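The primary structure of each chain is shown beneath.
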Amino acid sequence: STNCSATERRANESVAAGVRNPSDASQCCCPTDTALVWTDSSAKCDEVGKCSWECCGGKSKLCGGACCASGERCINKLCATAPRPGPPTSKGETWPWVVLAAAGLV
């Protein structure tokens, strides 16, 4: 395992399973001031590279590198929300999901 500096802890000591459980976690150090990985056991984290994670607090969804707001869904790696009722399309269908991230609204 890796010796971390005084301002770091080994990733395998994290309360967030996505940081703690990868096979290389004992070889990685995380800053102690990254509170999310030390205090939020329901945090959603994905390892995106060796010893590098993207995380969202437990009340958010991790979605393509972003944290979705409450009520949003992750669709094709973008946070999206259901649209307000609107006019039907020419086929009589309802409007598709509105992708807020693509519109720069999140």
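Residues numbered from 1 in each chain as written. Predicted model: local features only at pLDDT ≥ 70, side-chain atom pairs only at ≥ 80, totals over all residues. Heavy atoms only, no water.

A. Seen up close, the pairing of strand β8 (residues 78-81). As judged from the 3 bridges shared by strand β7 (residues 73-75) and β8, these two strands associate in the antiparallel manner. Counterpart to Ile75 in the pairing with β8 is Leu78. Hairpin remark: β7 followed by β8, antiparallel, with 2 residues in the connecting loop; positive phi at Asn76, about 50°. (Pairing = 2+ DSSP bridges. Helix = DSSP H or I, 4+ residues; strand = E, 2+ residues; numbered from the N terminus.)

B. Structural view of the nonpolar core. Ranked by size, the top nonpolar core spans 11 residues in total: Ala11, Ala16, Val19, Ala25, Cys28, Cys30, Val37, Trp38, Ala43, Cys45 and Trp53. Not counting the four nearest positions on each side in its chain, Ala11 is found in contact with Val19, Arg20, Ala25, Cys28, Cys30 and Trp53. (Core = buried A, V, L, I, M, F, W, Y, C linked by side-chain atoms within 4.5 Å. Buried < 20%, exposed > 50% of the residue type's maximum accessible area, 1.4 Å probe, protein only. Contact = heavy atoms within 4.5 Å.)

C. The arrangement of the state of the cysteines in detail. Per the stated rule, a full pass over the model turns up 6 disulfides. Here Cys28 engages in a disulfide with Cys51; their sulfurs sit 1.8 Å apart. When the S-S torsion is -70°, as for the bridge of Cys28 with Cys51, the disulfide is left-handed. Note that Cys28 is positioned in the loop between α1 (17-20) and β2 (29-31) and Cys51 in the loop between β3 (44-49) and β4 (52-56), a separation of 23 residues in sequence. On the basis of relative accessible area, Cys28 is assigned to the buried category, the value being 1%. Covalently, Cys63 is tied to Cys74 through a disulfide, its sulfur atoms 2.1 Å apart. Residues Cys63 and Cys74 share a disulfide whose torsion about the S-S bond is about 80°; that sign makes it right-handed. Placement of Cys63 in strand β5 (residues 61-63) and of Cys74 in strand β7 is noted, with a sequence separation of 11 residues between them. Assessed through its relative accessible area of 38%, Cys74 is described here as partly exposed. With no disulfide partner, Cys30 has as its closest neighbouring cysteine sulfur the one in Cys28, 6.9 Å distant. (Disulfide = S-S within 2.5 Å.)

D. Spatial organisation of the pattern of salt bridges. Scanning the entire structure with this criterion turns up 3 salt bridges. The salt bridge involving Arg9 is made with Glu13; its shortest N-O contact spans 3.2 Å. According to the relative accessible area criterion, Arg9 is partly exposed, its value standing at 32%. Of the charged contacts, one joins Asp24 and Lys50 as a salt bridge, the two residues approaching to 3.9 Å between their closest N and O atoms. (Salt bridge = Lys/Arg side-chain N within 4 Å of Asp/Glu carboxyl O.)

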